[in-house]
Amino acid sequence: RASVEGERSNMSKPTYSILNNAVQKLASTRIGSRFFSRVARHLDRLFLKLSDGRTNMSTALAGMPIVVVTSIGAKSGLPRTHPLVCIWDQDNPEIFAVVASNWGQKQYPAWYYNLKANPRVTCSIDGQDGEYIANQVEGEEYERFWHYAEAVYRGFPNYKERVGDRDVPIMVMTPVTA
């Protein structure tokens, strides 16, 4: 685990293959984001199930790190699971963030409301589960994580432009210590 954390903290900008770059470019377009917003989560769940939680479609095709977040539904009170792009904190390898861009759509993603209502979540990274507390960041911390997010996925700036007046929240996940 220490070597993985060391790799995460030293990662400034990921290196992507030609396929990864092409998929990210497609997903950042209006047509691509519309398509992927409807099918990516289903394909990610299928890949995760078939690989026993070790890989997903977004990582295989786009090269992006994914975290599977299980939260409690804000309205339903039921567990809700979402594969999301994982943005590692370069200063602390135990902390990561997720970006509520919702593929550049005008409304916030449902999981954002879940995290606001019930911030204690279970996250699975590379098949390892942990308990985390979600916290929305602002100001300098927001800018720092936004910079990391842009390095991980080229579509985030396009999404931020398309949402218009809506802000794009960043939720930072901090591990719950025993």
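Residues numbered from 1 in each chain as written. Predicted model: local features only at pLDDT ≥ 70, side-chain atom pairs only at ≥ 80, totals over all residues. Heavy atoms only, no water.

Undergrad: What's the story with the state of the cysteines in this structure? I'm lost.
TA: In protein chemistry, a disulfide is the covalent bond that joins the sulfur atoms of two cysteines. As enumerated under the stated definition, the model contains zero disulfides in all. In this structure Cys86 is a free cysteine whose sulfur lies 8.3 Å from that of Cys123, the closest cysteine sulfur available. Its relative accessible area of 1% is what places Cys123 among the buried residues. (Disulfide = S-S within 2.5 Å. Buried < 20%, exposed > 50% of the residue type's maximum accessible area, 1.4 Å probe, protein only.)

Undergrad: Is there a simple way to explain a positive patch on the surface in this structure?
TA: A cluster of basic residues, Arg30, Arg34, Arg38 and Lys106, forms a positive patch at the surface. Its location among the elements puts Arg34 in helix H3 (residues 30-50). For Arg34, a relative accessible area of 49% translates into the label partly exposed. (Patch = residues over 30% accessible without salt bridge, like charges linked within 9 Å, V, L, I, M, F, W, Y side chains within 5 Å. Areas by Shrake-Rupley, 256 points an atom, 1.4 Å probe, with all protein chains shown as cover. Salt bridge = Lys/Arg side-chain N within 4 Å of Asp/Glu carboxyl O. Lys, Arg positive; Asp, Glu negative; His and termini not counted. Charge placed at Lys NZ, Arg CZ, Asp CG, Glu CD. Helix = DSSP H or I, 4+ residues; strand = E, 2+ residues; numbered from the N terminus.)

Undergrad: Would you mind going over the environment of Gly73 with me for this structure?
TA: Of note, Gly73 is situated in the loop between strand S1 (66-72) and strand S2 (79-85). Residue classification places Gly73 among the buried positions, given a relative accessible area of 4%.

Undergrad: Would you explain a nonpolar patch on the surface in this entry?
TA: A cluster of nonpolar side chains, contributed by Leu43, Leu46, Phe47 and Leu50, occupies part of the molecular surface with about 370 Å² of accessible area. Judged by its relative accessible area of 70%, Leu50 falls in the exposed class.

Undergrad: Would you mind going over the sheet that holds strand S7 (residues 170-175) with me for this structure?
TA: Across the sheet, seven strands lie side by side as S2-S1-S5-S6-S7-S4-S3; this open sheet has antiparallel pairing. Looking along the sheet, the strands with just one partner apiece sit at the ends: S2 and strand S3 (87-88). Looking at chain direction, S3 and strand S4 (residues 96-99) are connected through two bridges and run antiparallel. Paired with Trp88 across the two strands is Phe96, which belongs to S4. Contacts from helix H5 (residues 110-117) reach S1, S2, S4, strand S5 (120-125), strand S6 (128-136) and S7, with the element oriented near 50 degrees to S7. (Pairing = 2+ DSSP bridges. Contact = heavy atoms within 4.5 Å. Axes fitted to C-alpha atoms, helices over the stretch in contact; angles between N-to-C directions.)

Undergrad: Got a minute to help me understand helix H6 (residues 139-152) in this structure?
TA: For an α-helix, the turn length of 3.6 residues means that residues three or four places apart are oriented alike. Helix length check: H6, at 14 residues, gives a terminal C-alpha distance of 20 Å against a target of 20 Å (1.5 Å per residue), a fit within 8%. Three or more residues of H6 are buried, namely Tyr142, Phe145, Trp146, Tyr148, Ala149, Ala151 and Val152. Tucked into the core, H6 has its buried residues touching helix H2 (18-28), S2, S3, S4, helix H7 (155-162) and S7. (Expected span 1.5 Å × (residues − 1).)

Undergrad: Help me understand the pattern of salt bridges, please; the structure alone is not making it clear to me.
TA: In this structure the tally under the stated criterion is three salt bridges. Note that Arg144 and Asp89 form a salt bridge whose closest N and O atoms lie 2.7 Å from each other. Note that Arg144 is positioned in helix H6 and Asp89 in the loop between S3 and S4, a separation of 55 residues in sequence. Close ionic contact of Asp91 with Arg144 constitutes a salt bridge, the shortest N to O distance being 3.2 Å. Separated by 53 residues along the polypeptide, Asp91 in the loop between S3 and S4 and Arg144 in helix H6 bring together distant segments of the chain. Since its relative accessible area comes to 60%, Asp91 is described here as exposed. Arg144 gets classed as partly exposed once you look at its relative accessible area, which sits at 25%. Linked through salt bridges whose partners overlap, the residues forming this network are Asp89, Asp91 and Arg144.

Undergrad: Help me out: how do you make sense of the pairing of S5 in this one?
TA: Side-chain positions along a regular strand alternate between the two faces of the sheet. Judged from the three bridges that link them, S1 and S5 form a sheet pairing that is antiparallel. By the bridge assignment for S5, Val68 is matched with Ser124. Pairing of S5 with S6, which is carried by six bridges, proceeds in the antiparallel orientation. For Ile125, the partnering residue across the bridge sits in S6 and is Gln128. Remark: two residues form the turn of the hairpin made by S5 and S6, two consecutive strands paired antiparallel; Asp126 in that turn has positive phi of roughly 55 degrees.

Geometric descriptors of this kind do not, in isolation, establish any biological role.
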